[in-house]
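One-letter residues, chain by chain:
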Amino acid sequence: MQASAIKLILSDIDGTIMPAGASTVSPRTVAAFRAALDSGIMAGPASGRGLVQIAPFFRGDAACCQTAIATNGLEVYCAGEKICEQRLPIAALERALDIVRDTPGAGLLAFDGTTPQLVAGDLDVLARITPAYARACVPVGALPAEDVLKANIFIDADMAGTEAFVTRLNDEVDGLDFDIPMVGYANIMPKGWNKGSALLTLCDHLGITPDQVVVFGDAGNDLTMFSVAGHAVAVGNATPEAKAAARWHIGRCEDDAVAAAIEALAAGEWPFGE
């Protein structure tokens, strides 16, 4: 494979380029994204977080997220322009909320910009799963009146319990899909829409094919992106499911493995072994 054929690089953030507990990516990662952009390769994040949440992770360098898949695919940006937005229908979220309220240890967040609003659930459970969201959370007790851009479900459970709960949600809630970025936590998307759908939308906008795309990830919410990109790359700390779905494998997030791979691509070198 020739590195010169690659036109787009996208990377998940949490657990892929930003280790657990960190509040920003490393300076090397920012520099690697910049090097890719300077070499003529489009590069940006593909995250379950909203774009307003993503920008601070790149140490104030807005260029690194001008092209992005955000909110698990519900927002798609190209060179600073929003080219696609999907929203979560309230009627479907109400059904999900009924299941949440009927499930011990479960909760639901709906976001107002960067502010997580606690619609249902125990704040102490949320704090064990995503401490930053718990600290910023505003209890509201009800869904907003209008369709929502970002919402998440959490549950006090191990991975097996999380998977069982998400399976129930996918089986019983019409109009929505749910996937798992980490233990105890689920993303919510409109039915049939995800990071993979968003990637195809971005490719169409750019006039490129998925074979010209490298994506990096570590978890269940990256699988749809892995399934459509020509070059899906799992970091060393990825879940077994993500490793099995990837075409290529590199080192760990904590060791700046993605930054090293992007540096090579920007220099015209192919960093992945056969």
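As shown above, the structure is provided for reference.
Scope of this entry: the structure provided in the associated data block. The shown structure was predicted, so the numbers you read here are calculated from the model rather than taken from an experiment. (Residues numbered from 1 in each chain as written. Predicted model: local features only at pLDDT ≥ 70, side-chain atom pairs only at ≥ 80, totals over all residues. Heavy atoms only, no water.)

**Concerning the pattern of salt bridges**
Any two side chains of opposite charge can pair, so long as their charged atoms come close to each other. Within the structure shown, the criterion is met by 14 salt bridges. Residue Arg95 is joined to Glu172 by a salt bridge in which the shortest nitrogen-to-oxygen separation is 3.1 Å. Placement of the pair is Arg95 in helix α3 (residues 90-101) and Glu172 in helix α6 (residues 159-172), with a sequence separation of 77 residues. According to the relative accessible area criterion, Arg95 is partly exposed, its value standing at 33%. Through salt bridges that share partners, Glu75, Lys82, Glu85 and Arg87 make up one connected network. (Salt bridge = Lys/Arg side-chain N within 4 Å of Asp/Glu carboxyl O. Helix = DSSP H or I, 4+ residues; strand = E, 2+ residues; numbered from the N terminus. Buried < 20%, exposed > 50% of the residue type's maximum accessible area, 1.4 Å probe, protein only.)

**Quick word on the packing of α3 against α6**
Between α3 and α6, the least distance of the axes is 10 Å, while the angle of their chain directions is 145°. At the point where α3 passes α6, the crossing takes the right-handed sense. Between α3 and α6, the contacting residues are Arg95, Ala96, Ile99 and Val100 on the first element and Phe165, Arg168, Leu169 and Glu172 on the second. (Axes fitted to C-alpha atoms, helices over the stretch in contact; angles between N-to-C directions. Left-handed = near helix turned anticlockwise from the far one by under 90°. Contact = heavy atoms within 4.5 Å.)

**Let's talk about the pairing of strand β2 (residues 42-45)**
Note: strand β1 (residues 8-11) against β2, 4 bridges, orientation parallel. Bridge pairing in β2 links Ile9 to Ala43. Chirality of the crossover, the property in question, places the unit of β1, helix α1 (residues 27-38) and β2 among those that are right-handed. (Pairing = 2+ DSSP bridges. Right-handed = clockwise from strand over helix to strand, strands pointing away.)

**Observations regarding unusual backbone geometry**
The backbone phi angle of Asn72 is positive, close to 55°, even though this residue is not glycine. Examined against the element boundaries, Asn72 turns out to sit in the loop between β3 (68-70) and β4 (75-78). Residue Asn72 is classed as buried on the basis of its relative accessible area of 2%. Here the phi dihedral of Asp256 falls at roughly 60°; this positive angle occurs in a residue that is not glycine. Within the secondary structure, Asp256 sits in the loop between β14 (248-249) and α10 (257-266).

**A look at the nonpolar core**
Counting residues in each nonpolar core, the largest one holds 89 residues, and the members touching the most others are Ile9, Phe58, Ile153, Leu199 and Phe216. Examining the composition of this core, we find that 7 residues originate from one element, α3, more than from any other. Ignoring any residue separated from it by four or fewer positions in sequence, one finds Ile9 in contact with Ala36, Ile41, Met42, Ala43, Gly44, Val214, Phe216, Ile262 and Leu265. Among the nonpolar cores identified, the runner-up in size contains 11 residues, and Leu109, Val125, Ile129 and Tyr133 belong to it. (Core = buried A, V, L, I, M, F, W, Y, C linked by side-chain atoms within 4.5 Å.)

**So, the layout of surface pockets**
Space left empty within the atom packing is revealed by a probe, the size of a water molecule, rolled over the atoms. The calculated volume of the largest pocket comes to roughly 1,300 Å³. Those elements giving two or more residues to the lining of the largest pocket turn out to be α5 (131-136), α6, β10 (176-182), β11 (185-190) and α8 (223-228). For the lining of the largest pocket, the leading source of residues is β10, giving 6 residues. Across the lining of the largest pocket, the residue classes break down as 23 nonpolar, 16 polar and 11 charged. Along its surface, the second largest pocket is lined by 18 residues, and Phe111, Asp112, Gly113, Leu149 and Lys150 are the ones closest to its centre. Those elements that place two or more of their residues in the lining of the second largest pocket are α2 (51-54) and β6 (106-112). Its residues assigned to classes, the lining of the second largest pocket shows 7 nonpolar, 5 polar and 6 charged. (1 Å grid on protein atoms, 1.4 Å probe; cavity = no way out; pocket = protein on both sides within 12 Å on 5 of 7 lines; lining within 4 Å. Points joined across faces, edges and corners; volume = space filled by probe spheres on them. Nonpolar A, V, L, I, M, F, W, Y, C, P; charged D, E, K, R; others polar.)

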